[in-house]
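Reading the structure
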Amino acid sequence: MEEQSNLNKKNSRRQFLKKGLLAGAGIAAGGGLVSAYVDTNATESGKKVKVLTTGGEIMEVDRGLLKLPRVSREESHKGLPGRKFVMVIDLGKCKNARKCVEACQKGHHLPKSQEFLKVYLLQDSEKTSPYWFPKPCFHCDNPLCVSVCPVGATYKRSDGIVLIDNERCIGCKFCMTGCPYSTRVFAWKHYHEFDEDKEPYSPEASSPGKEGTVSKCDFCPDLIRVGKVPYCVSACPMGVIYFGDVDEDTVTNGTETYQFSQLIRDRAGYRYLETLGTRPCVYYLPPVDRQFPVDRGFPDLTEEVKSRYKDTPYSRKNKP
Amino acid sequence: MENEKKSPLREFAPQLEQTSFAGYAWIVFLLAVIGFGIYAFFQQVFKGHEVTGMRDNVVWGVYIVNFIFFMGISYAGALISGTLHLFKTTWRKPVIRMAEFITVISLLIGPCFILLCIGRLDKLYYLVIFGRIQSPITWDVIAISTDIFGCFIFLYLALLRDLATLRDDDFLRLPSWRKRIYKALALGYTGAPEQQQRLNRATDIMAAMVISIAIIVYSVLAWIFSVTLQPGWHSTIFGPYFVIAAVYSGSAVLIITMWVFRKVYHLEDYITKKHFVAVGVIMLVLAAFFGYFTFSDYLTKWYGSEKNDELLIQLLFKEFYWPFIISNYIGVLLPLIVVGIPKFRTVTNITLTSIVVVIALWLNRYIIVVPTLESPYLPIQDARPEWVNYTATWVEWSLNAAGVAVFCLLFTLASKFVPIVPVTGLMEEAKKEDVLV
């Protein structure tokens with residue numbers, strides 16, 4: 001059994017380096033009918049992507065026909081075997097373009113008032129420099145939200161991902177107070193965006209949302225299954241967000257691929273609020289060697305988004 | 001005429017027989033308040049929790065404040081009556097029944113408020129079928145249901161003698177269905193020495209039980225907050241602090257209840273200044289403890305001034321200035337002054353102080369819950385004011401009022417069904433005194 005998983009891992013690393021995340025995730029998914037990935041109503045785009053068949057063979061499917069798999073609630077409890085996901089966010093490159101937020105909202109069929117990913121304007125102290133701080137769920141290895149859930153609606157998988165099953169969630173919101181990073185959002189009413197999603201619900205897709213339940217960033221395991229990176233990673237024009245696997249020691253932002261351990265070592269990667277002991281799976285690279293001054297994060301914002309930052313120490317100091 | 005004099009029940013509890021016009025008006029008023037609360041509840045069910053002031057940052061509001069508050073006053077009965085019973089305090093008899101009723105009634109109302117916070121009430125049974133023992137909410141479910149059960153038994157045991165008296169009383173003009181209920185509930189108690197002995201033992205055991213269960217329940221409630229990492233909540237003192245605050249608020253509610261029933265049912269001869277001073281002194285001691293715990297909690301937060309604790313304390317002294325002053329200064333000092341200085345110790349003063357204490361303790365829970373949620377580790381950056389600062393909406397206030405109305409209504413109805421003072425016990429005492437005279 002162990003041998004098998006080692007083999008998987010080895011195999012998966014080779015494939016990963018060769019073909020990006022696709023094959024690795026495919027092997028990890030352990031098969032599943034190809035038909036589950038193909039949307040017969042869609043039109044062909046001409047571009048091919050590789051998916052894994054039940055027999056373990058890699059098959060090419062047209063990207064336009066590709067449908068994200070919606071695994072069952074039971075299946076969603078199992079992590080992708082042999083994987084341990086990690087995210088690295090390079091604060092030196094973020095200019096609050098907010099493409100990550102938009103892609104995430106669209107991908108998860110979320111209303112405006114529910115953002116799985118938030119971009120904060122942080123300044124650690126008066127004399128230190130302000131910086132943009134994209135914050136997904138940290139998928140902690142010691143998740144307090146999971147500990148406090150009275151019904152087991154939120155759970156930690158073997159691949160490190162923390163998910164919420166909104167069929168099980170009773171909406172007590174204890175996990176929201178348990179999370180020290182204000183990551184979780186609550187559906188205070190039925191938002192019409194939930195209706196856009198006609199597929200059956202799967203905790204891996206976090207969609208369609210449900211009134212009276214909690215949801216949050218899910219690391220997009222439905223995308224990982226078909227060898228894609230999460231919405232925020234592929235949407236970011238600056239390549240701020242890297243996604244990968246700790247065991248494979250690789251992270252990629254879609255264009256560049258790094259060795260995770262080396263990246264963290266060379267760039268002094270850290271985890272936010274390490275002292276709390278939650279052991280996040282999201283690492284930050286400090287905002288050094290900035291590609292953009294902080295100001296560049298303001299001009300393209302809508303008035304609503306702009307006013308979110310009006311009470312930050314930075315904005316108060318730089319009032320026009 | 002002769003007969004009427006012979007019925008002690010009529011003297012102690014005239015309300016068992018008839019309800020005055022004012023009594024009916026009071027009940028109708030309470031029903032109206034409750035009715036409006038039900039309307040508000042349906043608004044919340046059909047329009048979603050958006051009709052409340054709660055949002056993603058302040059996920060719990062006055063509902064959870066009320067939950068803590070009602071659970072708190074329920075310990076009036078559990079701890080105060082239990083302790084007074086075990087120590088065989090001589091003056092306890094006229095007030096102990098009220099304390100037990102406060103316990104049971106508020107224990108029924110408290111959990112309803114936490115249900116109002118739940119996003120999907122239709123899935124509530126998941127707490128039982130999928131309950132995880134690792135979650136403090138499961139601890140709460142177990143503890144509170146045990147507490148309700150235990151306190152019901154304690155109240156019932158204490159009522160048994162009176163139920164037998166009611167069954168045997170031939171003078172009160174009561175409808176036959178009520179007689180039948182009394183007969184069934186009295187369980188064939190006749191006051192035989194063996195029965196008395198057993199009843200006393202059972203009551204002693206239950207008194208000890210409810211004291212310990214009450215401490216557990218309130219600690220578990222406090223741990224819902226203190227097991228999280230939130231600034232202001234993550235505190236080791238919360239368990240005992242909540243227990244003290246609970247008994248403290250319970251003693252104040254007991255004094256108010258004593259004053260109301262004494263006035264309405266003309267019990268001036270039985271509930272005297274002596275009783276107000278005695279419960280007042282209990283309240284004074286608890287006030288001192290409460291003040292000490294509060295001081296200790298905030299001192300350590302302020303002195304070490306960790307960044308987030310500092311932000312929280314700044315918030316408390318800015319936006320929550322008056323609630324903070326009322327709950328943690330006035331709410332502590334007033335009973336010390338009014339009950340502590342003999343000159344001020346009048347029935348009216350002690351009752352007015354109790355009202356202030358009850359308000360102070362409600363606010364105390366508010367400033368424990370809301371400011372912490374308004375100052376999380378990551379600063380709230382939001383353009384929508386209602387997502388930054390919590391303000392309860394009319395829906396929440398209506399349900400709040402409905403909760404208080406249910407409390408008053410159940411108390412009123414209970415006092416019409418059984419005597420609000422333990423008649424049998426007082427009669428025995430009166431007989432003893434007669435013999436001595």
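Residues numbered from 1 in each chain as written. Chains lettered and ligands numbered in written order. Predicted model: local features only at pLDDT ≥ 70, side-chain atom pairs only at ≥ 80, totals over all residues.

Focus on the overall build of chain A
When you go through chain A residue by residue, the secondary structure sums to eleven helices and 13 strands. Counting over 320 residues, chain A shows a buried share of 48%. For chain A, the share of sequence-separated contacts (at least 6 apart) that also reach a separation of at least 24 residues comes to 62%. (Helix = DSSP H or I, 4+ residues; strand = E, 2+ residues; numbered from the N terminus. Buried ≥ 20, exposed ≤ 12 C-beta atoms within 10 Å, placed from the backbone. Contact = placed C-beta atoms within 7 Å.)

Quick notes on the overall build of chain B
From N to C terminus, chain B includes 17 helices and zero strands. Relative to the globule expectation of 22 Å for 437 residues, the C-alpha radius of gyration of chain B, 23 Å, shows essentially globular dimensions. Principal-axis analysis of the C-alpha atoms gives chain B an extent of 75 × 50 × 40 Å. For chain B, the share of sequence-separated contacts (at least 6 apart) that also reach a separation of at least 24 residues comes to 84%. (Rg over C-alpha atoms; globule rule 2.2 N^0.38 Å.)

Side note on the confidence of the model for chain B
Residues and elements named next belong to chain B. The predicted model of chain B has a mean per-residue pLDDT of 89, with 95% of residues at 70 or higher. Here helix α1 (residues 2-6) is the element of chain B with the lowest mean pLDDT, 46, and helix α14 (residues 347-374) is the one with the highest, 95. Note that pLDDT drops below 50 for residues 1-5; the model gives that stretch three contacts with residues more than four away or on any other chain. Across the interface, the model reports ipTM at 0.89; the global pTM reads 0.87. (pLDDT = per-residue confidence, 0-100.)

Describing the pairing of strand β3 (residues 85-90) of chain A
Sheet faces and side chains relate simply in a regular strand, where the side chains alternate between the two faces. All names here are of chain A. Extensive coverage of β3 is indicated by the burial of six of its six residues. Bridge analysis of β3 against strand β10 (residues 241-245) gives five bridges, and the strand direction is antiparallel. Residue pairing across strands places Val 88 opposite Tyr 242, the latter belonging to β10. Where β3 meets strand β13 (residues 282-285), four bridges bridge the pair, whose relative direction is parallel. Directly across from Met 87, in β13, lies its bridge partner Val 282. (Pairing = 2+ DSSP bridges.)

Notes on the packing of helix α10 (residues 238-264) of chain B against α14(B)
All names here are of chain B. Close contact between α10 and α14 brings their axes to 8 Å; oriented N to C, the two are set at 140 degrees. Of the possible angle classes, the one that applies to α10 and α14 is oblique. Every pair of crossing elements has a handedness; the one defined by α10 and α14 is left-handed. Contacts between α10 and α14 involve Ala 245, Tyr 248, Ser 249, Ala 252, Val 253, Ile 255, Ile 256 and Trp 259 on the former and, on the latter, Val 347, Ile 350, Thr 351, Ser 354, Ile 355, Val 357, Val 358, Leu 361 and Asn 364. Class assignment of the residues belonging to the contact of α10 with α14 gives a composition of 13 nonpolar, four polar and no charged. (Axes fitted to C-alpha atoms, helices over the stretch in contact; angles between N-to-C directions. Parallel < 35°, antiparallel > 145°, perpendicular 65-115°, else oblique. Left-handed = near helix turned anticlockwise from the far one by under 90°. Nonpolar A, V, L, I, M, F, W, Y, C, P; charged D, E, K, R; others polar.)

Remarks on the nonpolar core
In this structure, Val88(A), Ile241(A), Tyr218(B), Tyr248(B), Leu254(B) and Met283(B) are the most contacted members of the largest nonpolar core, which totals 195 residues. Per-element tally for this core: the top contributor is helix α4 (residues 62-86) of chain B, with 16 residues. Setting aside its immediate chain neighbours within four residues, Tyr218(B) contacts Met71(B), Tyr75(B), Phe242(B), Val243(B) and Ala246(B). (Core = buried A, V, L, I, M, F, W, Y, C linked by C-beta atoms within 7 Å.)

Considering the interface of chain B and chain A
Opposite the 35 residues of chain B that make contact, chain A presents 37 residues. At the level of elements, α6 (126-129) and α7 (136-168) of chain B are the ones that each hand at least two residues to the side of chain B that touches chain A. Among the elements that make up the side of chain B that touches chain A, the one with the highest residue count is α7(B) (three residues). Its residues assigned to classes, the side of chain B that touches chain A comprises 16 nonpolar, eleven polar and eight charged.

With respect to the environment of Ala76(B)
Residues and elements named next belong to chain B. Topologically, Ala 76 is positioned in helix α4. The spatial distance from the C-alpha of Ala 76 to the C-alpha of Ile 102 is 6.9 Å, given a sequence separation of 26 residues. Look past the residues within four positions of Ala 76 in its chain and what remains in contact with it is Ala 99, Ile 102, Thr 103, Gly 250, Ser 251, Val 253 and Leu 254.

What to know about unusual backbone geometry
Residues and elements named next belong to chain A. The residue after Ser 207, namely Pro 208, is reached through a cis peptide bond having omega -5 degrees. Its location among the elements puts Pro 208 in the loop between β8 (185-186) and β9 (214-215). If you check the backbone angles, Arg 98 has positive phi at about 65 degrees while not being a glycine. As for its placement among the helices and strands, Arg 98 is situated in the loop between β3 and α4 (99-107). A residue is classified by how many C-beta atoms lie within 10 Å of it, and Arg 98, with 22 of them, is buried. Its identity is not glycine, yet Ser 182 carries a phi of approximately 50 degrees, on the positive side. Assignment of secondary structure puts Ser 182 in the loop between α6 (174-178) and β8.

Looking at the sheet that holds β13(A)
Residue and element names in this part refer to chain A. If you trace the five strands from one edge of the open sheet to the other, you get β12-β11-β10-β3-β13, paired in mixed fashion. Pairing within the sheet leaves two strands with one partner each, and these edge strands are β12 (257-259) and β13. Neighbour to neighbour, the strand axes of the sheet diverge by 25 degrees on average, direction disregarded.

Some words on helix α16 (residues 394-417) of chain B
The end-to-end C-alpha distance of α16(B) is 34 Å, a good match for the 34 Å that 24 residues give at a rise of 1.5 Å each. Buried residues along α16(B) sit in contact with α3 (21-47), α4, α5 (93-117) and α10 of chain B. (Expected span 1.5 Å × (residues − 1).)

Regarding the environment of Glu199(A)
The residue Glu199(A) is located in the loop between β8 and β9 in this model. Linking Glu199(A) and Pro69(A), residues 130 residues apart in sequence, is a C-alpha distance of 9.9 Å.

Structural notes on helix α13 (residues 321-340) of chain B
Residues and elements named next belong to chain B. Over its 20 residues, α13 extends 27 Å from the first C-alpha to the last, a length consistent with the 28 Å expected when each residue adds 1.5 Å. Its axis deflected by about 40 degrees at Ile 330, α13 carries its strongest bend there. For α13, the complete set of buried residues consists of Phe 324, Ser 327, Asn 328, Gly 331, Val 332, Pro 335, Val 338 and Val 339. For α13, the secondary structure elements touched by its buried residues are α11 (273-304), α12 (307-318) and α14. (Bend = angle between axes of the 7 residues up to and from the residue.)

Notes on the confidence of the model for chain A
All names here are of chain A. Looking at chain A as a whole, its pLDDT mean stands at 84, while 79% of the residues score no less than 70. Of all secondary-structure elements in chain A, the lowest mean pLDDT belongs to helix α2 (residues 21-29), at 42, while β13 reaches the highest, 97. Every residue in residues 1-35 scores below 50 in pLDDT, and together they form 63 contacts with partners more than four places removed in sequence or on other chains.

Quick word on the environment of Ile326(B)
All names here are of chain B. By the secondary structure assignment, Ile 326 is in helix α13. Considering only alpha carbons, one finds Ile 326 and Gly 188, 138 residues apart in sequence, at a separation of 51 Å. Setting aside residues no more than four positions away along its own chain, Ile 326 makes contact with Gly 331, Ile 359, Ala 360 and Leu 363.

What about the packing of α4(B) against α10(B)?
Working note: a packed helix pair is described by the angle between its axes plus the distance between those axes. Residues and elements named next belong to chain B. At a closest axis distance of 7 Å, the pairing of α4 and α10 adopts a crossing angle of 80 degrees. Classified by the angle their axes make, α4 and α10 are roughly perpendicular. Contacts between α4 and α10 involve Phe 69, Met 71, Gly 72, Ile 73, Tyr 75, Ala 76, Leu 79 and Ile 80 on the former and, on the latter, Ala 245, Ala 246, Val 247, Ser 249, Gly 250, Ser 251, Val 253 and Leu 254.

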